[in-house]
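Listed below, chain by chain, are the residues.
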Amino acid sequence: MDAHDIVKVEDIKDCGDAAAAAAACDQQDEVCDTSTTKQQRRKKSAIWKYFTICDDDVTKVLCNICKRVVGRGKNVGHLTTSNMHNHIYYKHRNVAGIRGTQSSRRSQPTPTTPAYEADRPGHTVTQTITDSVGEMISMDLLPYSFVENKGFCKLMKVVAPHYTLPAGIHFSNEVVPQLHQRVTSKVTESLVDIEGNVVHCTADIWTRKFSTNSYLSLTGHWFVQKISARGAVTHTRVSALLGMKVIDTEYTPAEILQHLLGLVEEWQAVVPHRFTVGFIVTNNTSNMVKAVSDSGFEHIRCMAHSIHLIVTGAIEECHGVVTAINTARRITNTLHMSTKSVAKLHEIRERLGLAEAALTHDVPTRWNTVLFMLQRLLKQKKALIDMSAEMDLGGSVAEHQWTRMEAIVKVLEPFEEATRTVCQDDASISSVIPCIQALRAALNELIANKDVSDLLETRKLVGLLQSHLEEHFEHVFETPTNTYFKATLLDPRFKIMPMALLSQLDFERLKAAVTVEVEELLEQDRMLSAGEAGSSSAPAEESEDTSSKPTSLFWGAMQSLVANNAASLSKTVTSLGLETYLAESSPQSLASDPLSSYWSAKMAQHPALARVAVKYLACPPTSVSSEMLLSTGEDAVAPDYRLLPADVPQLVFTKYNLAKFP
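Given the structure is predicted, the values throughout are model-derived calculations rather than measurements.

A. Fine view of the overall build of the protein chain. A count of helices and strands for the protein chain gives 26 helices and eight strands. Going through the 662 residues of the protein chain one by one, you find that 47% of them count as buried. When the accessible surface of the protein chain is summed, it comes to about 32,100 Å², and 53% of that surface belongs to carbon and sulfur atoms.

B. Representation of the packing of helix α13 (residues 381-388) against helix α14 (residues 399-422) within the structure. One way to put it is that α13 packs onto α14 with a least axis distance of 13 Å and a crossing angle of 155°. Between α13 and α14, the angle falls in the class roughly antiparallel. Crossing of α13 against α14: the hand is right-handed. Touching K381, L384 and I385 of α13 are E399, W402 and E406, all from α14.

C. Region of interest: unusual backbone geometry. Positive phi, normally seen in glycine, also occurs at L141, with a value near 50°. Among the secondary structure elements, L141 is positioned in the loop between α4 (124-139) and α5 (150-159). The phi dihedral of H273 falls on the positive side, at around 70°, and the residue is not glycine. Within the secondary structure layout, H273 lies in the loop between α7 (253-270) and β7 (276-282).

D. Quick peek at the packing of aromatic side chains. Summed over all chains, the structure comprises six aromatic pairs. Judged by centre distance (5.0 Å) and plane angle (40°), the rings of Y581 and W599 are tilted. Remark: W599 occurs in the loop between α23 (594-597) and α24 (607-617) and Y581 occurs in helix α22 (residues 577-583); sequence separation between them is 18 residues. Here Y581 falls in the buried class, since its relative accessible area comes to 0%. Judged by its relative accessible area of 0%, W599 is buried. An aromatic cluster is built from Y581, Y598 and W599, whose rings are joined through pairwise contacts. Here the guanidinium or amino end of K495 rests over the ring plane of Y581, the centre of that ring lying 4.8 Å away.

E. Summary view of the nonpolar core. One finds F415, L465 and W599 to be the most contacted residues of the largest nonpolar core, which totals 91 residues. Top contributing element to this core by residue count: α14, with nine residues. If near-sequence neighbours (up to four positions away) are discounted, W599 is found in contact with L490, P492, Y581, P594, L609, A610, A613 and L617.

F. Main features of the side chain of H308. The topology assignment puts H308 in helix α9 (residues 303-316). Exposure remark for H308: the relative accessible area of 14% places this residue in the buried category. Those residues within four positions of H308 in sequence are excluded, and the remaining contacts are P364, T365, R366 and W367.

G. Region of the structure containing the pairing of β7. Within β7, six of the seven residues are buried, leaving the element largely enclosed by the surrounding structure. Bridge analysis of β7 against strand β8 (residues 298-301) gives four bridges, and the strand direction is parallel. From the neighbouring strand, I280 faces β8, where its bridge partner is H299. Handedness of the crossover joining β7 and β8 through helix α8 (residues 286-295): right-handed.

H. Geometry of the sheet that holds strand β5 (residues 213-227). Pairing is mixed in the open sheet, where five strands are placed in the order β6-β5-β4-β7-β8. Of all strands in the sheet, those with a lone pairing partner are β6 (233-248) and β8, marking the two edges. Here the strands of the sheet are splayed against their neighbours by 25° on average, with no regard to which way each runs. In the packing of α7 onto the sheet, the strands contacted are β4 (198-207), β5, β6 and β7, and the crossing angle to β6 comes to about 135°.

I. Examining α24 more closely. Of all 11 residues that make up α24, nine are buried, and the element is covered over most of its length. Every buried residue belonging to α24 is among A608, L609, A610, R611, V612, A613, V614, Y616 and L617, and all of these are buried.

J. Spotlight on the pattern of salt bridges. According to the stated counting rule, one finds 20 salt bridges in the structure shown. One salt bridge connects R366 with E627, and the closest N-O pair in it is separated by 2.9 Å. Across the pair E399 and K381 runs a salt bridge, and its minimum N-O distance is 3.2 Å. Here K381 lies in helix α13 and E399 lies in helix α14, a separation of 18 residues in the sequence.

K. Main features of the environment of I65. The topology assignment puts I65 in the loop between β2 (57-63) and β3 (69-71). Judged by relative accessible area, I65 falls into the partly exposed class, the value being 22%. Considered as a pair, I65 and Y50 are 15 residues apart in the sequence and their alpha carbons are 6.9 Å apart.

L. View of the pairing of β4. Burial within β4 is extensive, with nine of its 10 residues counted as buried. Relative to β5, β4 runs antiparallel, the two being bridged by eight bridges. Bridging from a neighbouring strand, A203 pairs with L218 of β5.

M. Seen up close, the sheet that holds β2. Taken in spatial order, the three strands line up as β1-β2-β3 in an open sheet, and their pairing is antiparallel. Strands at the two margins of the open sheet, each flanked by one partner only, are β1 (51-54) and β3. Neighbour-to-neighbour, the strand axes of this sheet turn through a mean angle of 40°, independent of strand direction. Looking at chain direction, β2 and β3 are connected through three bridges and run antiparallel. Bridging from a neighbouring strand, V61 pairs with V70 of β3.

N. Region of interest: the side chain of D362. With respect to the element layout, D362 can be found in the loop between α11 (339-352) and α12 (368-379). Take D362: its relative accessible area is 16%, and that puts it in the buried class. Within polar-contact distance, the side chain of D362 engages the side chain of R329 at 2.7 Å. Contacts of D362, omitting those with residues within four sequence positions, involve R329, T369, V370 and M373.

O. Just α12, in detail. Look at α12: 17 Å from first C-alpha to last across 12 residues, which is about the 16 Å you get at 1.5 Å a residue. By the burial criterion, the buried members of α12 are N368, T369, V370, L371, M373, L374, L377 and L378. Lining the buried residues of α12 we find α10 (319-337), α13 and α14.

P. Focus on a nonpolar patch on the surface. On the surface, a nonpolar cluster with roughly 300 Å² of combined accessible area is contributed by L155, V158 and V159. Along the polypeptide, V159 turns up in helix α5. According to the relative accessible area criterion, V159 is exposed, its value standing at 55%.

Q. Structural detail: the packing of α10 against α11. Running from N to C, α10 and α11 point in directions that differ by 105°, and their axes come no closer than 5 Å. The orientation of α10 with respect to α11, classified from their angle, is roughly perpendicular. Together, T334, L335 and M337 of α10 and T339, S341, V342 and L345 of α11 make up the contact between the two elements.

Calculation notes
Residues numbered from 1 in each chain as written. Predicted model: local features only at pLDDT ≥ 70, side-chain atom pairs only at ≥ 80, totals over all residues. Heavy atoms only, no water. Helix = DSSP H or I, 4+ residues; strand = E, 2+ residues; numbered from the N terminus. Buried < 20%, exposed > 50% of the residue type's maximum accessible area, 1.4 Å probe, protein only. Areas by Shrake-Rupley, 256 points an atom, 1.4 Å probe, with all protein chains shown as cover. Axes fitted to C-alpha atoms, helices over the stretch in contact; angles between N-to-C directions. Parallel < 35°, antiparallel > 145°, perpendicular 65-115°, else oblique. Left-handed = near helix turned anticlockwise from the far one by under 90°. Contact = heavy atoms within 4.5 Å. Phe/Tyr/Trp six-rings, centres within 6.5 Å; stacked < 30°, edge-to-face > 60°. Lys NZ or Arg CZ within 6 Å of the ring centre and 35° of its normal. Core = buried A, V, L, I, M, F, W, Y, C linked by side-chain atoms within 4.5 Å. Pairing = 2+ DSSP bridges. Right-handed = clockwise from strand over helix to strand, strands pointing away. Salt bridge = Lys/Arg side-chain N within 4 Å of Asp/Glu carboxyl O. Polar contact = N/O pair within 3.5 Å; in protein donor to acceptor, adjacent residues only side chain to side chain. Expected span 1.5 Å × (residues − 1). Patch = residues over 30% accessible without salt bridge, like charges linked within 9 Å, V, L, I, M, F, W, Y side chains within 5 Å.

Have a look at this one:
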């Protein structure tokens, strides 16, 4: 008889020793009378679901969960499962399928009904709860052991008393991988509907503090066409996390390139002939720039990171500005470190009738947090002045320091608006040149502003911002036929701006370069689908009035540039759909998405030109979509430090794409 055969145990009358009683209830594999010829029906305990007999010693078993060896007795003819039950109860109490406790097992006279219940595939409610817990683990980036936390187990017993909570290993091996696969399938379906077969990518790397691991991410951005049951055609921007890799903190450009190419090739194998990398957007760090330049893909430098370098570089060279920021930082730190100070500030605010607004810290990797810190302090200026008379705020603040802070805020606000503009979900590289031009115009206006120009330090700050702006964006204006100018020309909001910046000859060269791309697509269409009729498109959305955008120094400059450039529209027009497009005078809102609000409706009228426009306008101007996956600005975090680095890529992929493809 096998060592793990089950026989019936007689009811236990005397339960004086709880451990002995529990062992007796679970006892298995008693020796049968060898003279008995009658074949007994064999049963196998569900506990074997979690153990495997050791090859070298049948008296021992290996736990499938923690890989520990557990003994079953010394007598081969009389082996039991008591130690196995005890191990599961005390070491893996929340293991999948466990239904009771030690005490509940003792109270049962016979174990003819297994104490462990197998999964029931047809049980819809059970499966729904399990899947929801798996989604929670992914959405909150929790370690799989979270499901074994006492508090969570207690909660589940209250909200679903008849539900058996699986162990963490079940979620890591079954639930989350299945959820990951479902999400991957949805991303794949979207790539099948891609317009133009072009996917633009963003990449970024973060390193956790006090860790030897870094994370490399790759996001994709494309434009899809959907045809409803009634035949209506709609076009939508789509973005997804394509993958993430765990890499060593001592990474090199070659290693970055190897991982990036690996992620790209994985998707090209899934959707062959539908996945062509357009542009790759990264920050300005030397390793990333080198890796992408060696890849052969066209590199777009993250505009948000460029603005960060411009502002921080200019501030560092202005001693008076640094002093004002340090003063603001000391006040903020002092108030955050003392509950008495917070209570006192609240009391003074109420007395003065000021709105409640918590002071905010600045973060080294987010230049705009300096601006937010100064803005919050200035809103509480009256309360802080009164408060400084009663207690030390980390140093006195003279009136001229408040005046300097106000001037610094005025200088930095246009850069914050530009950052916010290029970081929007529907932002395109076509907004790079207009934002640079708007910043140039805003800085010129600031020089003429008496509140700014009267202060030596802020006047110096404006000059440094101008020089850093030209230095960092010099590459944008190097050639008239580059990606930035093409994207700007194909954006109906800014299509005439290149003409104002280029000579007549260069502007004609730009149009010729776009026309060549259009003709190439037309030739491809003639070869692949000659005579095929274009599908009807949805009617164009009504353009919003550009005046609906909030007025500010930055947006005022942007609107002025668009209006001035539109005045010379009639001088440029004469061939293909490009000239017809340039001749149109329908104004577009600065806040609108040129792809969904304009080009979606032009797919039937100018299909080749529209596809060229999609190629350029679907690319984001920043790598924020990659950078914000885990970063809080100060540290790259998978919220719980118990989360193993190897688990992060799958969980983050599921979390990000689950929100995009519910």
